[in-house]
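# Architecture and fold: a report
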Amino acid sequence: QVQLVESGGGLVQAGGSLRLSCAASGRSFSYYNMAWFRQAPGKEREFVAAIPWGSGPTYYADSVKGRFTISRDNAKNTVYLQMNSLKPEDTAVYYCGADFAIRVVVPAGNVKYWGPGTQVTVSS
């Protein structure tokens, strides 16, 4: 089992940047595929980015390609989401997820573990 805690959210102006972190506890973090999702008010939780436990490609939603970068540091049990060129439509609660079969777009229903989320608000 793994516990996840996100941090790094906040209020930023359009065009700005934020770096989200997801700290994981548990012995098997390095063997979990990890992902970021987001959920805006009144909308379903949507896939943002995923990174495999080992070598392999990362995956991004079309809406964030070229602006967001997912990475992980297995020594620190942490996964990151660097968000650049932020837009007001990026405003949402961002969630870290773990333990799923990685694919181009990861369905939220396939994720076994979730963090509580961190709010990101982008003002215009």
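Residues numbered from 1 in each chain as written. Predicted model: local features only at pLDDT ≥ 70, side-chain atom pairs only at ≥ 80, totals over all residues. Heavy atoms only, no water.

### With respect to unusual backbone geometry
For the record, the criterion: Runs of H or I in DSSP of at least four residues are treated as helices and runs of E of at least two as strands, each being numbered from the N terminus. Between buried and exposed lies partly exposed: a residue is buried under 20% and exposed over 50% of the maximum accessible area for its type, with that area taken using a 1.4 Å probe on protein chains only.
Phi is positive for Ser85, which is not a glycine, with a value near 50°. Within the secondary structure layout, Ser85 lies in the loop between strand 8 (78–83) and strand 9 (92–98). Judged by its relative accessible area of 42%, Ser85 falls in the partly exposed class. Its identity is not glycine, yet Asp99 carries a phi of approximately 70°, on the positive side. Tracing the sequence through the fold places Asp99 in the loop between strand 9 and strand 10 (113–114). With relative accessibility at 26%, the residue Asp99 sits in the partly exposed group.

### Description of the nonpolar core
Here is the rule we go by: Definition used in this section: a nonpolar core is a set of buried Ala, Val, Leu, Ile, Met, Phe, Trp, Tyr and Cys residues joined via side-chain atoms within 4.5 Å. It only takes one pair of heavy atoms within 4.5 Å for two residues to be counted as in contact.
Core analysis: the biggest nonpolar cluster contains 38 residues, and Leu4, Met34, Trp36, Leu81, Met83 and Tyr94 have the highest contact counts within it. Those elements that provide at least two residues to this core are strand 3 (18–25), strand 4 (34–39), strand 5 (46–51), strand 7 (68–73), strand 8, strand 9 and strand 11 (118–123). Not counting chain neighbours up to four residues away, the residues in contact with Tyr94 comprise Glu6, Leu20, Trp36, Phe37, Arg38, Val48, Phe68, Leu81, Met83, Gly117, Thr118 and Val120.

### Thoughts on the packing of aromatic side chains
Inclusion rule: Two rings from Phe, Tyr or Trp (for Trp, the six-membered ring) form a pair when their centres are within 6.5 Å of each other. A pair whose planes differ by under 30 degrees is stacked, one over 60 is edge-to-face, and the rest are tilted. A ring is considered to have a charge above it if a Lys NZ or an Arg CZ atom is located within 6 Å of its centre and within 35 degrees of its normal.
A complete count under the given rule lists 5 aromatic pairs for this structure. Centre to centre, the rings of Phe37 and Phe47 are 5.8 Å apart; their planes meet at 75°, and the pair counts as edge-to-face. Remark: Phe47 occurs in strand 5 and Phe37 occurs in strand 4; sequence separation between them is 10 residues. For the pair Tyr95 and Trp114, a centre-to-centre distance of 6.4 Å together with 85° between the ring planes defines the contact as edge-to-face. With Tyr95 in strand 9 and Trp114 in strand 10, this residue pair connects regions lying 19 residues apart in the sequence. Overall, Tyr95 belongs to the buried group, its relative accessible area being 13%. We classify Trp114 as partly exposed; its relative accessible area is 28%. An aromatic cluster of at least three residues, connected via ring pairs, comprises Phe37, Phe47, Tyr95 and Trp114. A cation sits over an aromatic face here: Arg19 above Tyr80, 3.9 Å from the ring centre.

### Considering the pairing of strand 3
The condition is simple: Two strands pair under a simple rule: DSSP has to find at least two bridges between them.
In the sheet, strand 1 (residues 3–7) pairs with strand 3 via 5 bridges, with the strands oriented antiparallel. Considered in strand 3, the bridge of Ser7 is made with Ser21.

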